[in-house]
Amino acid sequence: MTIINSLLSMTLDVILFAGLVGLISGSFVNVLAYRLPLMIQYRWINTTKTELKDTSDLDGSGNAYLKKLSLHLPRSHCQACKNPIKAWENIPIVSYIFLNGKCSKCSSSIPKQYPIVELTSSALAVFIGIRYSISFQFLIVLFFSLALLTLTIIDIKHLILPDELTMSLVWFGLLVSLTDFGFGTSPSESILGATLGYLSLWIFYWTFRIITKKEGLGFGDLKFLAGLGAWLGWQSLLPIITLASLSGAVFGTLSRGKWHKEAPNPIPFGPFLAAAGLLMAFWGSEVILFYIEILNR
Ligand SMILES: [Zn+2]
């Protein structure tokens, strides 16, 4: 009885601690997902202007804002009125509830994305905490999962997968394979995973492009799969590609049926890669066994 009790209280500690870490890192995910694309956009505008030797004023009101934007500056502010958010208004979830989802100054609504992302991060952190207990591995696996979450949000909103995140996944995944803190991927599995991940989609990209004269994927997808390969090993590549393409195809068919042919927006592939990556990270062996079972029928 005492063993069960102490186990229970241990789990409760883990849940509370991991949940809190998840909420805090979730608000950082929000910052990253909002600011990184804007910073890239500004850099891109600036480079093209320089290349075109365009000397027109870059510091219109919008650009002045972009110019000053970095991950930590200016302080968090309302996206509508740019009013700085006070510390007590910046507490994950709690503030959203107290502010009733509205900016305290201009009362425009705070995007629901914020609390949703905070809650998702928190749920992920609790799951990882229970699975790996609170350890260094918890932090490493949480970093991996939240990078996937951030890439998902950015790809849905902007149809890009920033190098800052995908390449960090690649390098960090290779490095982690030298330690025991990842998913048990050995260095050789990791190197093969990163290389074959990039190469397989690169072949797919060019085949698709030559046949259909269209771009089916972005290069971000290639780097993202390389990153997943670095963390999860080459063995997980085929299941990831299969799962991501199948779910992407199903989603594409369903959403096209629903909204007919208006606005043929390309469907971001990143979210499906991320979902398949998480599935393989946590239930990889189960998925592979299921695979083999199907093949043997
Ligand atoms: Zn406001």
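Conventions and cut-offs
Residues numbered from 1 in each chain as written. Predicted model: local features only at pLDDT ≥ 70, side-chain atom pairs only at ≥ 80, totals over all residues. Heavy atoms only, no water. Helix = DSSP H or I, 4+ residues; strand = E, 2+ residues; numbered from the N terminus. Rg over C-alpha atoms; globule rule 2.2 N^0.38 Å. Buried < 20%, exposed > 50% of the residue type's maximum accessible area, 1.4 Å probe, protein only. Contact = heavy atoms within 4.5 Å. Areas by Shrake-Rupley, 256 points an atom, 1.4 Å probe, with all protein chains shown as cover. Lys, Arg positive; Asp, Glu negative; His and termini not counted. Charge placed at Lys NZ, Arg CZ, Asp CG, Glu CD. Donors = N, O, S within 2.8 Å, 3.2 Å for Na, K, Ca; no water. Tetrahedral: all angles 85-135°; square planar, octahedral: opposite > 155°, others 65-115°. Patch = residues over 30% accessible without salt bridge, like charges linked within 9 Å, V, L, I, M, F, W, Y side chains within 5 Å. Salt bridge = Lys/Arg side-chain N within 4 Å of Asp/Glu carboxyl O. 1 Å grid on protein atoms, 1.4 Å probe; cavity = no way out; pocket = protein on both sides within 12 Å on 5 of 7 lines; lining within 4 Å. Points joined across faces, edges and corners; volume = space filled by probe spheres on them. Nonpolar A, V, L, I, M, F, W, Y, C, P; charged D, E, K, R; others polar.

Chemist: How should I be thinking about the overall build of the protein chain in this particular structure?
Modeler: Of the regular secondary structure elements, the protein chain holds 10 helices and zero strands. Helices and strands appear in the protein chain in the N-to-C order α-α-α-α-α-α-α-α-α-α. The globule rule puts the C-alpha radius of gyration for 297 residues at 19 Å, and the 21 Å found for the protein chain is close to it. For the protein chain, the spread of C-alpha atoms along the three principal axes comes to 65 × 65 × 40 Å. Residues classed as buried in the protein chain amount to 40% of the 297 residues present. Across the protein chain, the fraction of contacts at a sequence separation of at least 24, relative to all contacts at a separation of at least 6, is 70%. A total accessible area of about 17,400 Å² is found for the protein chain, and carbon and sulfur atoms account for 70% of it. A gap of 9 Å separates the mean positions of the 22 positive and 17 negative side-chain charges of the protein chain.

Chemist: Which parts of the structure should I look at to understand the coordination of the zinc ion?
Modeler: Each pair of donors in an ideal four-coordinate tetrahedral metal site encloses 109.5 degrees, whereas pairs in an ideal six-coordinate octahedral site enclose 90 or 180 degrees. At the metal site, the zinc ion is ligated by Cys78 (SG), Cys81 (SG), Cys103 (SG) and Cys106 (SG), and these contacts range over 2.3 Å. If you look at the zinc ion, its four donor atoms make angles of 105 to 115° with each other, and the shape they trace is tetrahedral. Judged by its relative accessible area of 9%, Cys78 falls in the buried class. Cys106 gets classed as partly exposed once you look at its relative accessible area, which sits at 31%.

Chemist: Sorry if this is basic, but what is going on with a nonpolar patch on the surface here?
Modeler: Residues Leu192, Leu196, Leu199, Trp202, Ile203, Trp206, Ile210, Phe219 and Trp234 make up a contiguous nonpolar surface patch of roughly 840 Å² in combined accessible area. Counting residues per element, the nonpolar patch draws most heavily on helix H7 (residues 187-212), at seven residues.

Chemist: Would you take a moment to explain empty space enclosed by the protein for this structure?
Modeler: Taking a probe equal in size to a water molecule and rolling it over the atoms shows the remaining empty space. All told, the structure shown has one cavity of 30 Å³ or more when counted by the stated rule. Lining the largest cavity are Gly173, Val176, Ser177, Thr179, Gly182, Phe183, Gly184, Thr185 and Trp231. Across the lining of the largest cavity, the residue classes break down as three nonpolar, six polar and no charged.

Chemist: Before we go on, may I ask you to explain the pattern of salt bridges in this structure?
Modeler: A pair can form between side chains of opposite charge whenever their charged atoms are brought close. The full count for this structure, using the stated rule, is three salt bridges. A salt bridge links Glu164 to Arg43, with the shortest nitrogen-to-oxygen separation between them at 3.1 Å. One end of the pair, Glu164, is in helix H6 (residues 163-176); the other, Arg43, is in helix H1 (residues 2-51), and 121 residues separate them in sequence. Among the residues examined, Glu164 registers a relative accessible area of 31% and is labelled partly exposed. The residue Lys223 makes a salt bridge to Asp163 at a minimum N-O spacing of 2.8 Å. Separated by 60 residues along the polypeptide, Lys223 in helix H8 (residues 219-232) and Asp163 in helix H6 bring together distant segments of the chain. Exposure remark for Asp163: the relative accessible area of 37% places this residue in the partly exposed category.

Read these as geometric descriptors, not functional statements.
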